[in-house]
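Summary of the model geometry
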Protein chains: 2
Amino acid sequence: METFADRLQGLTALRGRLCVGIDPHAATLASWGLADSAAGCERFARTLVAALGEQVAVFKPQSAFFEAHGSAGVAVLGRVLVDIAAQGALSILDVKRGDIGSTMQAYARAYLGAGELAADAVTLSPYLGFAALNPALELAAQNGKGVFVLARTSNPEGDALQQARTAAGSSVAQSIVDAATASNQQAGTPLVGLVVGATRADLGVDLSRFDGWILAPGIGFQGGSVAGLQTSFGTAYQRVLPSASREIAAAGDDVARLRSRASGLALYN
Amino acid sequence: METFADRLQGLTALRGRLCVGIDPHAATLASWGLADSAAGCERFARTLVAALGEQVAVFKPQSAFFEAHGSAGVAVLGRVLVDIAAQGALSILDVKRGDIGSTMQAYARAYLGAGELAADAVTLSPYLGFAALNPALELAAQNGKGVFVLARTSNPEGDALQQARTAAGSSVAQSIVDAATASNQQAGTPLVGLVVGATRADLGVDLSRFDGWILAPGIGFQGGSVAGLQTSFGTAYQRVLPSASREIAAAGDDVARLRSRASGLALYN
(Lines give C-alpha, C1' and ligand atoms only; values in the text may rest on other atoms or scores of the structure.)
Protein backbone atom coordinates (compact mmCIF):
# COMPACT_ATOMS: atom_id res chain seq x y z
CA MET A 1 0.00 0.00 0.00
CA GLU A 2 1.24 3.47 -0.87
CA THR A 3 1.95 5.55 2.21
CA PHE A 4 0.30 8.89 2.86
CA ALA A 5 3.71 10.58 2.63
CA ASP A 6 4.23 9.08 -0.82
CA ARG A 7 0.76 10.06 -1.99
CA LEU A 8 1.42 13.58 -0.76
CA GLN A 9 4.78 13.63 -2.53
CA GLY A 10 3.27 12.52 -5.82
CA LEU A 11 0.29 14.83 -5.73
CA THR A 12 2.12 17.96 -4.58
CA ALA A 13 4.67 17.45 -7.36
CA LEU A 14 1.76 17.78 -9.78
CA ARG A 15 -0.42 20.34 -8.01
CA GLY A 16 1.89 22.25 -5.68
CA ARG A 17 1.97 22.25 -1.90
CA LEU A 18 -0.80 24.71 -1.00
CA CYS A 19 -3.25 23.31 1.53
CA VAL A 20 -6.67 24.94 1.33
CA GLY A 21 -8.31 25.28 4.72
CA ILE A 22 -12.07 24.82 4.87
CA ASP A 23 -13.24 27.01 7.76
CA PRO A 24 -16.95 27.76 7.46
CA HIS A 25 -17.20 30.30 10.23
CA ALA A 26 -20.11 32.69 10.55
CA ALA A 27 -18.38 35.75 9.05
CA THR A 28 -17.16 33.83 6.01
CA LEU A 29 -20.58 32.26 5.43
CA ALA A 30 -22.16 35.73 5.68
CA SER A 31 -19.68 37.10 3.13
CA TRP A 32 -20.78 34.37 0.75
CA GLY A 33 -24.46 35.19 1.40
CA LEU A 34 -24.93 31.86 3.19
CA ALA A 35 -26.75 31.02 6.41
CA ASP A 36 -24.75 30.15 9.52
CA SER A 37 -26.17 26.62 9.50
CA ALA A 38 -25.24 23.09 8.50
CA ALA A 39 -26.74 23.79 5.08
CA GLY A 40 -24.65 26.97 4.75
CA CYS A 41 -21.52 25.04 5.73
CA GLU A 42 -22.32 22.39 3.16
CA ARG A 43 -22.81 24.88 0.35
CA PHE A 44 -19.61 26.73 1.29
CA ALA A 45 -17.40 23.68 1.69
CA ARG A 46 -18.62 21.73 -1.30
CA THR A 47 -18.41 24.81 -3.55
CA LEU A 48 -14.80 25.31 -2.46
CA VAL A 49 -13.94 21.66 -3.14
CA ALA A 50 -15.76 21.63 -6.49
CA ALA A 51 -13.86 24.76 -7.57
CA LEU A 52 -10.41 23.72 -6.38
CA GLY A 53 -10.49 19.94 -6.01
CA GLU A 54 -8.69 19.21 -9.26
CA GLN A 55 -6.24 22.06 -8.79
CA VAL A 56 -4.88 21.79 -5.24
CA ALA A 57 -3.32 18.76 -3.58
CA VAL A 58 -4.68 19.07 -0.06
CA PHE A 59 -7.69 20.40 1.79
CA LYS A 60 -7.83 20.93 5.54
CA PRO A 61 -11.40 21.01 6.85
CA GLN A 62 -11.59 22.48 10.36
CA SER A 63 -13.83 20.10 12.29
CA ALA A 64 -14.85 22.68 14.92
CA PHE A 65 -16.94 24.68 12.45
CA PHE A 66 -18.87 21.55 11.48
CA GLU A 67 -19.24 20.31 15.07
CA ALA A 68 -20.75 23.70 15.94
CA HIS A 69 -23.79 22.61 13.90
CA GLY A 70 -24.23 19.32 15.75
CA SER A 71 -24.70 15.94 14.11
CA ALA A 72 -26.03 17.56 10.92
CA GLY A 73 -22.79 19.54 10.67
CA VAL A 74 -20.77 16.39 11.27
CA ALA A 75 -22.71 14.63 8.50
CA VAL A 76 -21.81 17.55 6.19
CA LEU A 77 -18.16 17.07 7.11
CA GLY A 78 -18.44 13.42 6.03
CA ARG A 79 -19.81 14.45 2.64
CA VAL A 80 -17.07 17.07 2.21
CA LEU A 81 -14.42 14.41 2.87
CA VAL A 82 -16.01 12.20 0.20
CA ASP A 83 -15.99 15.12 -2.26
CA ILE A 84 -12.30 15.78 -1.62
CA ALA A 85 -11.39 12.16 -2.33
CA ALA A 86 -13.64 12.09 -5.41
CA GLN A 87 -11.71 15.05 -6.85
CA GLY A 88 -8.43 13.23 -6.40
CA ALA A 89 -7.23 15.53 -3.62
CA LEU A 90 -6.11 14.60 -0.10
CA SER A 91 -7.73 15.61 3.18
CA ILE A 92 -6.06 16.59 6.44
CA LEU A 93 -8.88 16.80 8.94
CA ASP A 94 -8.03 19.40 11.57
CA VAL A 95 -9.40 17.88 14.78
CA LYS A 96 -6.44 18.29 17.18
CA ARG A 97 -7.53 15.22 19.13
CA GLY A 98 -5.39 13.79 21.88
CA ASP A 99 -6.23 11.23 24.54
CA ILE A 100 -4.98 7.90 25.89
CA GLY A 101 -5.55 4.19 25.46
CA SER A 102 -8.91 3.00 24.21
CA THR A 103 -10.15 6.58 23.86
CA MET A 104 -7.28 7.43 21.52
CA GLN A 105 -8.08 4.25 19.62
CA ALA A 106 -11.67 5.45 19.23
CA TYR A 107 -10.51 8.77 17.79
CA ALA A 108 -8.21 6.90 15.42
CA ARG A 109 -11.08 4.69 14.34
CA ALA A 110 -13.30 7.73 13.79
CA TYR A 111 -10.90 9.65 11.57
CA LEU A 112 -8.27 7.21 10.26
CA GLY A 113 -10.49 4.20 9.73
CA ALA A 114 -12.94 3.51 6.93
CA GLY A 115 -16.07 5.15 8.34
CA GLU A 116 -18.11 8.20 7.44
CA LEU A 117 -15.50 10.65 8.79
CA ALA A 118 -12.40 8.94 7.45
CA ALA A 119 -9.81 11.43 6.24
CA ASP A 120 -6.38 10.89 4.70
CA ALA A 121 -4.71 12.42 7.75
CA VAL A 122 -5.58 14.22 10.99
CA THR A 123 -4.01 16.73 13.31
CA LEU A 124 -3.25 15.55 16.87
CA SER A 125 -2.51 17.39 20.12
CA PRO A 126 0.17 15.96 22.44
CA TYR A 127 -0.60 17.34 25.94
CA LEU A 128 -0.98 13.77 27.20
CA GLY A 129 2.37 12.87 25.66
CA PHE A 130 3.57 12.03 22.16
CA ALA A 131 3.55 8.30 22.94
CA ALA A 132 -0.11 8.47 24.02
CA LEU A 133 -0.91 9.17 20.35
CA ASN A 134 0.47 5.78 19.27
CA PRO A 135 -2.92 4.16 18.60
CA ALA A 136 -3.47 6.82 15.90
CA LEU A 137 0.02 6.31 14.46
CA GLU A 138 -0.57 2.56 14.30
CA LEU A 139 -3.92 2.80 12.53
CA ALA A 140 -2.55 5.45 10.15
CA ALA A 141 0.34 3.14 9.25
CA GLN A 142 -2.03 0.22 8.66
CA ASN A 143 -4.35 2.25 6.44
CA GLY A 144 -1.84 4.31 4.44
CA LYS A 145 -2.86 7.47 6.27
CA GLY A 146 -1.01 10.23 8.10
CA VAL A 147 -0.93 12.29 11.28
CA PHE A 148 0.29 15.83 11.95
CA VAL A 149 1.21 16.41 15.58
CA LEU A 150 1.12 19.92 17.04
CA ALA A 151 4.67 21.00 17.81
CA ARG A 152 5.05 24.79 17.63
CA THR A 153 2.03 26.98 17.09
CA SER A 154 2.06 30.60 16.06
CA ASN A 155 -0.26 32.02 18.72
CA PRO A 156 1.53 33.88 21.55
CA GLU A 157 -0.54 32.12 24.24
CA GLY A 158 1.26 28.89 23.38
CA ASP A 159 4.77 30.16 24.15
CA ALA A 160 4.99 29.40 27.88
CA LEU A 161 4.05 25.74 27.46
CA GLN A 162 5.77 25.05 24.16
CA GLN A 163 9.01 26.71 25.28
CA ALA A 164 9.08 24.99 28.69
CA ARG A 165 12.19 22.82 29.20
CA THR A 166 11.90 19.07 29.51
CA ALA A 167 14.15 17.07 31.83
CA ALA A 168 16.18 16.13 28.73
CA GLY A 169 16.99 19.83 28.23
CA SER A 170 15.02 20.66 25.10
CA SER A 171 11.87 22.72 24.75
CA VAL A 172 8.50 20.94 24.77
CA ALA A 173 8.05 21.89 21.10
CA GLN A 174 11.49 20.48 20.24
CA SER A 175 10.72 17.31 22.23
CA ILE A 176 7.71 16.74 19.97
CA VAL A 177 9.87 17.34 16.87
CA ASP A 178 12.44 14.87 18.23
CA ALA A 179 9.83 12.26 19.13
CA ALA A 180 8.35 12.53 15.64
CA THR A 181 11.81 12.22 14.11
CA ALA A 182 12.57 9.12 16.19
CA SER A 183 9.19 7.62 15.40
CA ASN A 184 9.74 8.07 11.66
CA GLN A 185 13.25 6.61 11.88
CA GLN A 186 11.91 3.58 13.70
CA ALA A 187 9.06 3.16 11.21
CA GLY A 188 11.45 3.60 8.28
CA THR A 189 8.97 5.96 6.65
CA PRO A 190 7.88 9.55 7.37
CA LEU A 191 4.50 8.56 8.82
CA VAL A 192 4.38 11.40 11.34
CA GLY A 193 4.04 14.98 10.19
CA LEU A 194 4.16 18.09 12.36
CA VAL A 195 2.18 21.28 12.72
CA VAL A 196 4.47 24.30 12.91
CA GLY A 197 3.04 27.81 12.70
CA ALA A 198 4.14 29.79 9.67
CA THR A 199 3.82 33.30 11.03
CA ARG A 200 7.19 33.53 12.81
CA ALA A 201 10.51 34.28 11.15
CA ASP A 202 12.24 32.27 13.88
CA LEU A 203 10.33 29.01 14.25
CA GLY A 204 11.87 28.22 17.61
CA VAL A 205 12.41 24.56 16.70
CA ASP A 206 15.19 22.77 14.87
CA LEU A 207 13.68 20.78 12.01
CA SER A 208 16.98 19.81 10.39
CA ARG A 209 16.73 16.12 11.36
CA PHE A 210 13.00 15.82 10.78
CA ASP A 211 12.12 14.04 7.53
CA GLY A 212 8.32 14.22 7.55
CA TRP A 213 5.77 16.67 6.19
CA ILE A 214 5.05 19.94 7.94
CA LEU A 215 1.66 21.57 8.00
CA ALA A 216 2.13 25.32 8.36
CA PRO A 217 -1.12 27.15 9.07
CA GLY A 218 -1.40 30.90 9.12
CA ILE A 219 -0.70 32.01 5.56
CA GLY A 220 -2.55 35.17 4.65
CA PHE A 221 -4.90 36.68 7.22
CA GLN A 222 -2.93 35.24 10.13
CA GLY A 223 0.20 37.08 9.03
CA GLY A 224 2.42 34.45 7.38
CA SER A 225 3.53 34.68 3.77
CA VAL A 226 4.47 32.01 1.27
CA ALA A 227 7.56 34.03 0.41
CA GLY A 228 8.71 33.89 4.03
CA LEU A 229 8.55 30.11 4.26
CA GLN A 230 11.87 29.38 2.57
CA THR A 231 13.68 31.60 5.04
CA SER A 232 11.97 30.29 8.14
CA PHE A 233 11.85 26.57 7.28
CA GLY A 234 15.32 26.25 5.75
CA THR A 235 16.12 22.71 4.61
CA ALA A 236 12.63 21.50 5.55
CA TYR A 237 11.05 24.00 3.15
CA GLN A 238 10.26 21.47 0.44
CA ARG A 239 8.14 19.44 2.84
CA VAL A 240 6.11 22.40 4.05
CA LEU A 241 2.39 22.51 3.29
CA PRO A 242 1.34 26.14 3.80
CA SER A 243 -2.31 26.35 4.70
CA ALA A 244 -4.59 29.26 3.82
CA SER A 245 -8.29 29.56 4.57
CA ARG A 246 -9.77 33.06 4.74
CA GLU A 247 -7.25 34.31 2.20
CA ILE A 248 -8.89 32.03 -0.37
CA ALA A 249 -12.50 32.12 0.84
CA ALA A 250 -12.35 35.92 0.60
CA ALA A 251 -12.53 35.45 -3.18
CA GLY A 252 -16.21 34.66 -2.65
CA ASP A 253 -18.50 32.22 -4.41
CA ASP A 254 -16.91 32.55 -7.85
CA VAL A 255 -15.05 29.62 -9.35
CA ALA A 256 -12.65 31.64 -11.50
CA ARG A 257 -11.70 33.98 -8.66
CA LEU A 258 -11.25 31.06 -6.24
CA ARG A 259 -8.96 29.31 -8.72
CA SER A 260 -7.00 32.45 -9.30
CA ARG A 261 -6.49 33.00 -5.56
CA ALA A 262 -5.31 29.43 -5.09
CA SER A 263 -2.99 29.71 -8.11
CA GLY A 264 -1.48 32.83 -6.59
CA LEU A 265 -0.53 30.84 -3.49
CA ALA A 266 0.60 27.68 -5.29
CA LEU A 267 4.02 26.45 -4.19
CA TYR A 268 6.03 24.12 -6.39
CA ASN A 269 9.67 24.83 -5.66
CA MET B 1 -28.00 32.78 36.74
CA GLU B 2 -26.67 30.01 38.94
CA THR B 3 -23.09 29.10 38.10
CA PHE B 4 -22.03 25.61 37.14
CA ALA B 5 -19.86 25.45 40.27
CA ASP B 6 -22.90 26.26 42.42
CA ARG B 7 -25.07 23.73 40.65
CA LEU B 8 -22.38 21.13 41.17
CA GLN B 9 -22.08 22.08 44.83
CA GLY B 10 -25.82 21.75 45.39
CA LEU B 11 -26.25 18.50 43.53
CA THR B 12 -23.19 16.72 44.90
CA ALA B 13 -24.31 17.62 48.44
CA LEU B 14 -27.46 15.63 47.74
CA ARG B 15 -26.12 12.84 45.52
CA GLY B 16 -22.43 12.59 46.31
CA ARG B 17 -19.48 13.40 44.10
CA LEU B 18 -19.12 10.27 41.96
CA CYS B 19 -18.94 11.06 38.24
CA VAL B 20 -20.10 8.17 36.07
CA GLY B 21 -18.13 7.91 32.84
CA ILE B 22 -20.06 6.83 29.75
CA ASP B 23 -17.50 5.02 27.58
CA PRO B 24 -19.25 2.79 25.04
CA HIS B 25 -16.20 0.99 23.73
CA ALA B 26 -16.41 -2.22 21.80
CA ALA B 27 -15.48 -4.56 24.68
CA THR B 28 -18.01 -2.99 27.04
CA LEU B 29 -20.75 -3.12 24.42
CA ALA B 30 -19.93 -6.79 23.78
CA SER B 31 -20.11 -7.54 27.51
CA TRP B 32 -23.62 -6.06 27.52
CA GLY B 33 -24.57 -8.14 24.45
CA LEU B 34 -24.77 -5.02 22.31
CA ALA B 35 -23.50 -4.31 18.80
CA ASP B 36 -20.49 -2.06 18.30
CA SER B 37 -22.63 0.48 16.46
CA ALA B 38 -24.38 3.79 17.02
CA ALA B 39 -27.48 1.83 18.09
CA GLY B 40 -25.42 -0.20 20.56
CA CYS B 41 -23.91 2.99 21.98
CA GLU B 42 -27.37 4.47 22.34
CA ARG B 43 -28.75 1.47 24.19
CA PHE B 44 -25.72 1.33 26.49
CA ALA B 45 -25.58 5.03 27.31
CA ARG B 46 -29.27 5.61 27.75
CA THR B 47 -29.65 2.50 29.90
CA LEU B 48 -26.85 3.74 32.14
CA VAL B 49 -28.44 7.19 32.43
CA ALA B 50 -31.92 5.77 33.04
CA ALA B 51 -30.56 3.54 35.81
CA LEU B 52 -28.37 6.11 37.55
CA GLY B 53 -29.65 9.51 36.47
CA GLU B 54 -31.59 10.23 39.66
CA GLN B 55 -28.88 8.78 41.86
CA VAL B 56 -25.57 10.31 40.73
CA ALA B 57 -24.77 14.00 40.29
CA VAL B 58 -22.59 13.91 37.21
CA PHE B 59 -22.09 11.88 34.03
CA LYS B 60 -19.05 12.15 31.79
CA PRO B 61 -19.74 10.91 28.26
CA GLN B 62 -16.53 10.27 26.33
CA SER B 63 -17.10 11.88 22.94
CA ALA B 64 -14.52 9.73 21.11
CA PHE B 65 -16.64 6.58 21.41
CA PHE B 66 -19.61 8.37 19.85
CA GLU B 67 -17.52 10.08 17.13
CA ALA B 68 -16.21 6.64 16.17
CA HIS B 69 -19.70 5.94 14.81
CA GLY B 70 -19.83 9.07 12.67
CA SER B 71 -22.71 11.53 12.57
CA ALA B 72 -25.15 8.88 13.80
CA GLY B 73 -22.96 8.39 16.88
CA VAL B 74 -22.79 12.14 17.41
CA ALA B 75 -26.60 12.33 17.20
CA VAL B 76 -26.75 9.62 19.90
CA LEU B 77 -24.44 11.72 22.06
CA GLY B 78 -26.90 14.61 21.72
CA ARG B 79 -29.77 12.43 22.93
CA VAL B 80 -27.70 11.13 25.85
CA LEU B 81 -26.98 14.71 26.94
CA VAL B 82 -30.70 15.47 26.85
CA ASP B 83 -31.41 12.35 28.96
CA ILE B 84 -28.84 13.41 31.55
CA ALA B 85 -30.42 16.84 31.92
CA ALA B 86 -33.92 15.34 32.01
CA GLN B 87 -32.91 13.20 35.00
CA GLY B 88 -31.68 16.25 36.87
CA ALA B 89 -28.02 15.28 36.61
CA LEU B 90 -25.13 17.29 35.16
CA SER B 91 -22.98 16.42 32.16
CA ILE B 92 -19.25 16.91 31.71
CA LEU B 93 -18.62 16.11 28.07
CA ASP B 94 -15.11 14.71 27.69
CA VAL B 95 -13.92 16.19 24.40
CA LYS B 96 -10.46 17.54 25.33
CA ARG B 97 -10.74 20.25 22.68
CA GLY B 98 -8.14 22.96 22.38
CA ASP B 99 -7.55 25.46 19.57
CA ILE B 100 -7.25 29.21 19.04
CA GLY B 101 -9.37 32.19 18.08
CA SER B 102 -12.46 31.61 15.98
CA THR B 103 -11.86 27.85 15.98
CA MET B 104 -11.92 27.75 19.78
CA GLN B 105 -15.09 29.86 19.63
CA ALA B 106 -16.65 27.26 17.34
CA TYR B 107 -15.84 24.46 19.80
CA ALA B 108 -17.31 26.56 22.62
CA ARG B 109 -20.44 27.13 20.59
CA ALA B 110 -20.72 23.41 19.83
CA TYR B 111 -20.47 22.21 23.43
CA LEU B 112 -21.20 25.16 25.74
CA GLY B 113 -23.92 26.84 23.70
CA ALA B 114 -27.55 25.85 23.33
CA GLY B 115 -27.32 23.42 20.42
CA GLU B 116 -27.77 19.69 20.03
CA LEU B 117 -24.46 18.85 21.75
CA ALA B 118 -24.68 21.35 24.60
CA ALA B 119 -23.33 19.94 27.84
CA ASP B 120 -23.07 21.50 31.30
CA ALA B 121 -19.28 21.45 31.08
CA VAL B 122 -16.47 20.18 28.85
CA THR B 123 -12.88 19.09 29.19
CA LEU B 124 -10.25 21.20 27.39
CA SER B 125 -6.63 20.55 26.41
CA PRO B 126 -4.11 23.41 26.78
CA TYR B 127 -1.23 22.59 24.37
CA LEU B 128 -1.89 25.89 22.58
CA GLY B 129 -1.81 27.73 25.89
CA PHE B 130 -4.27 28.22 28.74
CA ALA B 131 -5.19 31.69 27.46
CA ALA B 132 -6.09 30.28 24.04
CA LEU B 133 -9.00 28.55 25.77
CA ASN B 134 -10.55 31.91 26.77
CA PRO B 135 -13.39 31.82 24.21
CA ALA B 136 -14.66 28.67 25.96
CA LEU B 137 -14.28 30.23 29.42
CA GLU B 138 -16.20 33.29 28.26
CA LEU B 139 -19.11 31.34 26.80
CA ALA B 140 -19.19 29.04 29.84
CA ALA B 141 -19.43 32.08 32.13
CA GLN B 142 -22.23 33.59 30.03
CA ASN B 143 -24.24 30.38 30.00
CA GLY B 144 -23.73 29.14 33.56
CA LYS B 145 -21.53 26.29 32.35
CA GLY B 146 -18.10 24.99 33.26
CA VAL B 147 -14.76 23.86 31.85
CA PHE B 148 -12.22 21.34 33.15
CA VAL B 149 -8.73 21.97 31.79
CA LEU B 150 -6.22 19.11 31.59
CA ALA B 151 -3.44 19.77 34.09
CA ARG B 152 -1.87 16.52 35.30
CA THR B 153 -2.85 13.23 33.75
CA SER B 154 -2.16 9.81 35.16
CA ASN B 155 -0.66 8.16 32.06
CA PRO B 156 3.14 7.85 32.14
CA GLU B 157 3.50 9.14 28.55
CA GLY B 158 2.40 12.57 29.80
CA ASP B 159 5.23 13.00 32.30
CA ALA B 160 7.91 14.57 30.08
CA LEU B 161 5.64 17.34 28.82
CA GLN B 162 3.65 17.97 31.99
CA GLN B 163 6.78 18.05 34.16
CA ALA B 164 8.74 20.33 31.82
CA ARG B 165 9.77 23.63 33.46
CA THR B 166 8.34 26.92 32.24
CA ALA B 167 10.41 30.10 32.18
CA ALA B 168 8.62 31.11 35.39
CA GLY B 169 10.12 28.06 37.10
CA SER B 170 7.10 25.84 37.62
CA SER B 171 6.14 22.64 35.83
CA VAL B 172 3.78 22.85 32.86
CA ALA B 173 1.12 21.05 34.92
CA GLN B 174 1.55 23.52 37.79
CA SER B 175 1.44 26.45 35.34
CA ILE B 176 -2.02 25.25 34.25
CA VAL B 177 -3.12 24.95 37.90
CA ASP B 178 -1.81 28.47 38.56
CA ALA B 179 -3.45 29.92 35.43
CA ALA B 180 -6.77 28.33 36.45
CA THR B 181 -6.37 29.71 39.99
CA ALA B 182 -5.66 33.20 38.66
CA SER B 183 -8.55 32.99 36.20
CA ASN B 184 -10.97 32.02 38.98
CA GLN B 185 -9.69 34.79 41.24
CA GLN B 186 -10.17 37.32 38.48
CA ALA B 187 -13.66 36.01 37.67
CA GLY B 188 -14.58 35.99 41.37
CA THR B 189 -16.07 32.54 40.94
CA PRO B 190 -14.60 29.06 40.42
CA LEU B 191 -15.53 28.86 36.74
CA VAL B 192 -12.49 26.82 35.74
CA GLY B 193 -12.07 23.26 36.93
CA LEU B 194 -9.08 21.00 36.36
CA VAL B 195 -8.48 17.43 35.28
CA VAL B 196 -5.98 15.72 37.59
CA GLY B 197 -5.41 11.98 37.34
CA ALA B 198 -6.41 10.02 40.43
CA THR B 199 -4.09 7.06 40.10
CA ARG B 200 -0.97 8.60 41.67
CA ALA B 201 -0.31 8.91 45.39
CA ASP B 202 1.82 11.99 44.68
CA LEU B 203 -0.17 14.19 42.30
CA GLY B 204 2.86 16.24 41.31
CA VAL B 205 0.95 19.52 41.49
CA ASP B 206 0.16 21.87 44.38
CA LEU B 207 -3.61 22.41 44.50
CA SER B 208 -3.64 24.28 47.82
CA ARG B 209 -4.51 27.66 46.25
CA PHE B 210 -6.90 26.29 43.65
CA ASP B 211 -10.57 26.81 44.54
CA GLY B 212 -12.33 25.11 41.63
CA TRP B 213 -13.64 21.61 41.01
CA ILE B 214 -11.30 18.78 40.09
CA LEU B 215 -12.24 15.96 37.78
CA ALA B 216 -10.22 12.90 38.72
CA PRO B 217 -10.50 10.11 36.16
CA GLY B 218 -9.09 6.68 36.72
CA ILE B 219 -11.04 5.21 39.63
CA GLY B 220 -11.36 1.45 39.40
CA PHE B 221 -9.92 -0.29 36.36
CA GLN B 222 -7.29 2.41 35.83
CA GLY B 223 -5.86 1.82 39.30
CA GLY B 224 -7.14 4.70 41.45
CA SER B 225 -9.26 4.17 44.52
CA VAL B 226 -11.83 6.41 46.17
CA ALA B 227 -10.15 5.68 49.50
CA GLY B 228 -6.85 7.05 48.21
CA LEU B 229 -8.30 10.39 47.14
CA GLN B 230 -8.27 12.02 50.56
CA THR B 231 -4.58 11.31 50.95
CA SER B 232 -3.55 12.44 47.51
CA PHE B 233 -5.79 15.53 47.14
CA GLY B 234 -5.42 16.90 50.66
CA THR B 235 -7.35 20.12 51.24
CA ALA B 236 -8.82 19.98 47.71
CA TYR B 237 -10.42 16.60 48.45
CA GLN B 238 -13.93 17.96 48.94
CA ARG B 239 -13.95 19.40 45.43
CA VAL B 240 -12.79 16.20 43.76
CA LEU B 241 -15.15 14.42 41.37
CA PRO B 242 -13.80 10.89 41.02
CA SER B 243 -14.80 9.40 37.71
CA ALA B 244 -15.41 5.71 37.09
CA SER B 245 -16.52 4.10 33.85
CA ARG B 246 -15.68 0.44 33.35
CA GLU B 247 -15.91 -0.20 37.10
CA ILE B 248 -19.62 0.61 36.88
CA ALA B 249 -20.41 -0.66 33.39
CA ALA B 250 -18.97 -4.03 34.44
CA ALA B 251 -22.17 -4.51 36.47
CA GLY B 252 -23.87 -5.17 33.14
CA ASP B 253 -27.35 -4.32 31.91
CA ASP B 254 -29.10 -4.69 35.29
CA VAL B 255 -30.55 -1.64 37.01
CA ALA B 256 -30.21 -2.92 40.56
CA ARG B 257 -26.61 -4.01 40.07
CA LEU B 258 -25.70 -0.72 38.37
CA ARG B 259 -27.21 1.25 41.25
CA SER B 260 -25.42 -0.88 43.77
CA ARG B 261 -22.05 -0.38 42.03
CA ALA B 262 -22.56 3.39 41.91
CA SER B 263 -23.63 3.45 45.57
CA GLY B 264 -20.47 1.61 46.49
CA LEU B 265 -18.41 4.42 44.94
CA ALA B 266 -20.53 7.31 46.24
CA LEU B 267 -18.52 10.01 47.95
CA TYR B 268 -20.18 12.46 50.31
CA ASN B 269 -17.55 13.48 52.83
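Our structure's up above, just so we're on the same page.
Residues numbered from 1 in each chain as written. Chains lettered and ligands numbered in written order. Predicted model: local features only at pLDDT ≥ 70, side-chain atom pairs only at ≥ 80, totals over all residues. Heavy atoms only, no water.

Considering the overall build of chain A
Within chain A one finds twelve helices and eight strands. When the 269 residues of chain A are sorted by exposure, 63% land in the buried category. In chain A, the share of contacts with a sequence separation of at least 24, taken over all contacts with a separation of at least 6, comes to 71%. Averaging the positions of the 20 positive and the 22 negative side-chain charges in chain A gives two centres separated by 2 Å. (Helix = DSSP H or I, 4+ residues; strand = E, 2+ residues; numbered from the N terminus. Buried < 20%, exposed > 50% of the residue type's maximum accessible area, 1.4 Å probe, protein only. Contact = heavy atoms within 4.5 Å. Lys, Arg positive; Asp, Glu negative; His and termini not counted. Charge placed at Lys NZ, Arg CZ, Asp CG, Glu CD.)

Structural notes on the sheet that holds strand β8 (residues 240–244) of chain A
Residue and element names in this part refer to chain A. The strand order around the closed barrel formed by eight strands is β1-β2-β3-β4-β5-β6-β7-β8, and the pairing between neighbours is parallel. The mean inter-strand angle of the sheet, taken between neighbouring strand axes irrespective of direction, is 30°. Packing of helix α5 (residues 70–86) onto the sheet brings it into contact with β1 (19–22), β2 (58–61) and β3 (90–97), and relative to β3 it is tilted by some 145°. (Pairing = 2+ DSSP bridges. Axes fitted to C-alpha atoms, helices over the stretch in contact; angles between N-to-C directions.)

So, the side chain of D99 of chain A
Within the secondary structure, D99 of chain A is located in the loop between β3 and α6 (101–112). Reaching out from D99 of chain A, the side chain makes a polar contact with the side chain of K96 of chain B at a distance of 2.8 Å. Discounting chain neighbours no more than four positions away, the residues touching D99 of chain A are M104, Y107, L128 and A132 of chain A together with Q62 and K96 of chain B. (Polar contact = N/O pair within 3.5 Å; in protein donor to acceptor, adjacent residues only side chain to side chain.)

Remarks on the side chain of D120 of chain B
Residues and elements named next belong to chain B. Secondary-structure assignment places D120 in the loop between α6 (101–112) and β4 (121–124). Given the relative accessible area of 12%, D120 is considered buried. For D120, the side chain forms a polar contact with the side chain of R7, separated by 3.1 Å. Within polar-contact distance, the side chain of D120 engages the backbone nitrogen of S91 at 2.9 Å. Those residues within four positions of D120 in sequence are excluded, and the remaining contacts are F4, R7, A89, L90, S91, K145 and G146.

Digging into the packing of α5 of chain A against helix α5 (residues 70–86) of chain B
Axis separation between α5 of chain A and α5 of chain B bottoms out at 8 Å; the angle between their running directions is 170°. The angle between the axes of α5 of chain A and α5 of chain B places the two elements in the roughly antiparallel class. Residues S71, V74 and A75 of chain A of α5 of chain A form the contact with α5 of chain B, whose participating residues are S71, V74 and A75 of chain B. Taken together, the residues of the contact of α5 of chain A with α5 of chain B sort by class into four nonpolar, two polar and no charged. (Parallel < 35°, antiparallel > 145°, perpendicular 65-115°, else oblique. Nonpolar A, V, L, I, M, F, W, Y, C, P; charged D, E, K, R; others polar.)

A short note on the pairing of β2 of chain A
Residue and element names in this part refer to chain A. Neither face of β2 is exposed, since V58 and K60 on one face and F59 and P61 on the opposite face are all buried. With four bridges joining them, β1 and β2 adopt parallel strand pairing. Its bridge partner being in β2, C19 is matched across the sheet by V58. Note that β2 and β3 share two bridges and pair parallel. The residue of β3 that forms the bridge with F59 is S91.

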